Amino acid sequence: MTGNTTAAAATERHAAFLDDFATLSTFGATERGGVHREAATDADAAQRAWLGEQLAARGFRVCFDRVGNQFGLLDVVPGAPYVLVGSHLDSQPFGGRYDGAYGVLAATHAAHRLAVRWREAGATPRYNVGVVNWFNEEGSRFVPSMMGSSVFTGLLDADTALDTRDLRDVRVGDRLAELGQLGETAPVIDDVVAYAEIHIEQGRSLEESGHTIGLVHATWSAHKYFLTVEGEQSHTGSTIMADRRDALLGAAHLTVLAREISDALSTPEAPLHTSVSQLTVEPNSPVTVAREARLHLDLRSPDEAVLERANAMLHERIPAIERAARVRISVSGAHHWGVRPFPAAGVKLAAGCAEELGLSHREIMTIAGHDSVNMNCRVPTVMLFVPSVEGISHNEGELTHDADACAGVDLLTEVLDRLAAG
Ligand code: HGY
Ligand code: MN
Ligand code: MN
Ligand code: MN
């Protein structure tokens, strides 16, 4: 382990990180301690501008790519490819201040610590290092989630992403252009040899087992659908019950069905997590039976066969709901990724660094999706977790203890050092 490891220097580095994290948490801050800074909102634009200043002040070349992914590049080896390290700054509505943002700031501090270490030691890594803030990981305003890294890895067409619109009909490309956050001078996937990301667990496994670090060895699979229920507008008072074609009634049945599918198929060995969590209703008027309801259904499991059975059960049960509410229901895919392992060599590398730092650690799967899920399809990827207090996330009460957050930055620094050395 190289670098100045005196306790005083470590304390100073941790204080600097926590200070910056406190500043970052002011962007889109809510009264209950969370953040409200969805992709391409003014709050997101402000935090991205702040990150750009932080990166530039540390000697990084700041740029954007064609879908608004933001990069801070450290070109210490002219012409060499990059090891990217990062996460996302955008949040869920009224979300937590750690989800994504912790990883972007940890990447910034880790990369900067290495720049100083290499300069002081007169050392030159084999690869350059780049910090990345992925555009629209959350997918709360513009679906699908993990949008920026999906385009970067070729899993989503750039024009499809740029043409995506939110519920107020705002187009991604127009909004990013308005913010001055579209560019072409950024790296592309062929310039990248490895990727690392640190993130809060967003579950309670690490807290329950008492480990500081999670070494993510694989992802659960996710199947996300849009369900559209078509009914017919009518008067909620004067229309007789037999004549109603009630889209909201159909949506209510589907919402209960999501839970029934989990109850029917989930097992301790292969849990199935399900939720309908977004509902739009037209015309959404008190005295008019709904003509249309649109739901977002999220199914997750570590077992693809369970998800196939869940999909089959969903389609089997739809006709009965259509008859009960006299509606028509259609299902379209919103997003899907499969169970996928991360490279064992990366898990082993991170475990060795955690040992050297004296950090308790264990292997874990990720249930939440991350940009690393996309990057793992293209380059060797290392994904690390720090504990979430009570597993709370996508909630203003989201919390990770300072000691765990700082330990994560220390670990990310050493992992990044190894990856950049090649
Ligand atoms: O879907 C996911 O888990 C990601 O957080 N967007
Ligand atoms: Mn996240
Ligand atoms: Mn999230
Ligand atoms: Mn996520």
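Rules used throughout
Residues numbered from 1 in each chain as written. Chains lettered and ligands numbered in written order. Predicted model: local features only at pLDDT ≥ 70, side-chain atom pairs only at ≥ 80, totals over all residues. Heavy atoms only, no water. Donors = N, O, S within 2.8 Å, 3.2 Å for Na, K, Ca; no water. Helix = DSSP H or I, 4+ residues; strand = E, 2+ residues; numbered from the N terminus. Buried < 20%, exposed > 50% of the residue type's maximum accessible area, 1.4 Å probe, protein only. Lys, Arg positive; Asp, Glu negative; His and termini not counted. Salt bridge = Lys/Arg side-chain N within 4 Å of Asp/Glu carboxyl O. Contact = heavy atoms within 4.5 Å. UniProt positions renumbered as here; feature names shortened; annotations may be inferred. Polar contact = N/O pair within 3.5 Å; in protein donor to acceptor, adjacent residues only side chain to side chain. Near = heavy atom within 4 Å. Areas by Shrake-Rupley, 256 points an atom, 1.4 Å probe, with all protein chains shown as cover. Nonpolar A, V, L, I, M, F, W, Y, C, P; charged D, E, K, R; others polar.

Draft legend 1. Geometry of the coordination of the manganese ion (ligand 2). Looking at the metal site, the manganese ion (ligand 2) is ligated by His-88 (NE2), Asp-99 (OD) and His-199 (NE2), spaced 2.1 to 2.3 Å from it. Donor residues for the manganese ion (ligand 2) sit on one chain with the sequence pattern H-x10-D-x99-H. Between the manganese ion (ligand 2) and the manganese ion (ligand 3), a spacing of 3.5 Å is present, and a bridge between the two is formed by Asp-99. Residue Asp-99 is located in the loop between strand E3 (82-88) and helix H3 (101-121), and its partner His-199 is located in strand E5 (residues 192-200); the two are separated by 100 residues in the primary sequence. Across the pair, exposure class does not vary: Asp-99 and His-199 are buried alike.

Draft legend 2. Molecular detail of the side chain of Asp-404. Tracing the chain through its elements places Asp-404 in helix H12 (residues 402-421). The charged side chain of Asp-404 is buried without a salt bridge, its nearest counter-charge being Arg-362 at 13 Å. Discounting chain neighbours no more than four positions away, the residues touching Asp-404 are Tyr-102, Thr-212, Val-386 and Pro-387.

Draft legend 3. Structural context of the pattern of salt bridges. Here the structure, examined in full by the defined rule, presents 18 salt bridges. Across the pair Asp-174 and Arg-171 runs a salt bridge, and its minimum N-O distance is 2.6 Å. Residue class for Asp-174 comes out partly exposed when judged on its relative accessible area of 42%. It is possible to trace a salt-bridge network through shared partners that takes in Asp-42, Arg-175 and Glu-178.

Draft legend 4. Summary view of the coordination of the manganese ion (ligand 3). At 2.1 to 2.5 Å from the manganese ion (ligand 3) lie its protein donor atoms, namely Asp-99 (OD), Glu-138 (OE), Glu-138 (OE) and His-394 (NE2). Each donor residue of the manganese ion (ligand 3) lies on the same chain, and together they follow the pattern D-x38-E-x255-H. Since its relative accessible area comes to 41%, His-394 is described here as partly exposed.

Draft legend 5. Representation of the UniProt feature "binding site: Zn(2+) 2" (unreviewed entry) in the chain. When the UniProt feature table is mapped onto this chain, "binding site: Zn(2+) 2" (unreviewed entry) is found at Asp-99, Glu-138 and His-394. On the basis of their most widely separated C-alpha atoms, the annotated residues across 296 residues gather in one place, lying no more than 9.8 Å apart. Its place among the elements puts Glu-138 in the loop between strand E4 (128-134) and helix H4 (147-152). Judged by relative accessible area, which is 8%, Glu-138 ranks as buried. Residues contacting Glu-138, with those up to four places away along its chain left out, are His-88, Asp-90, Ser-91, Gln-92, Asp-99, Ser-145 and His-394. Following the sequence through the fold, His-394 ends up in the loop between strand E13 (381-386) and H12. Setting aside chain neighbours within four positions, we find His-394 in contact with Gln-92, Phe-94, Gly-95, Asp-99, Glu-138 and Gln-202. A polar contact is formed between the side chain of His-394 and the side chain of Glu-138, at a distance of 3.4 Å.

Draft legend 6. Focus on the site of ligand 1. Glu-137, Glu-138, Ser-145, Lys-224, Arg-300, Trp-337, Ala-368 and Gly-369 make up every residue found near ligand 1. For ligand 1, an oxygen atom lies 3.3 Å from a polar atom in the side chain of Glu-137. Within the contact set of ligand 1, an oxygen atom lies 2.8 Å away from a side-chain nitrogen or oxygen of Arg-300. In the complex, 92% of the free accessible area of ligand 1, which totals 220 Å², lies under the protein chains. Each residue belonging to the shell around ligand 1 can be placed in one class, and the counts come to two nonpolar, two polar and four charged.

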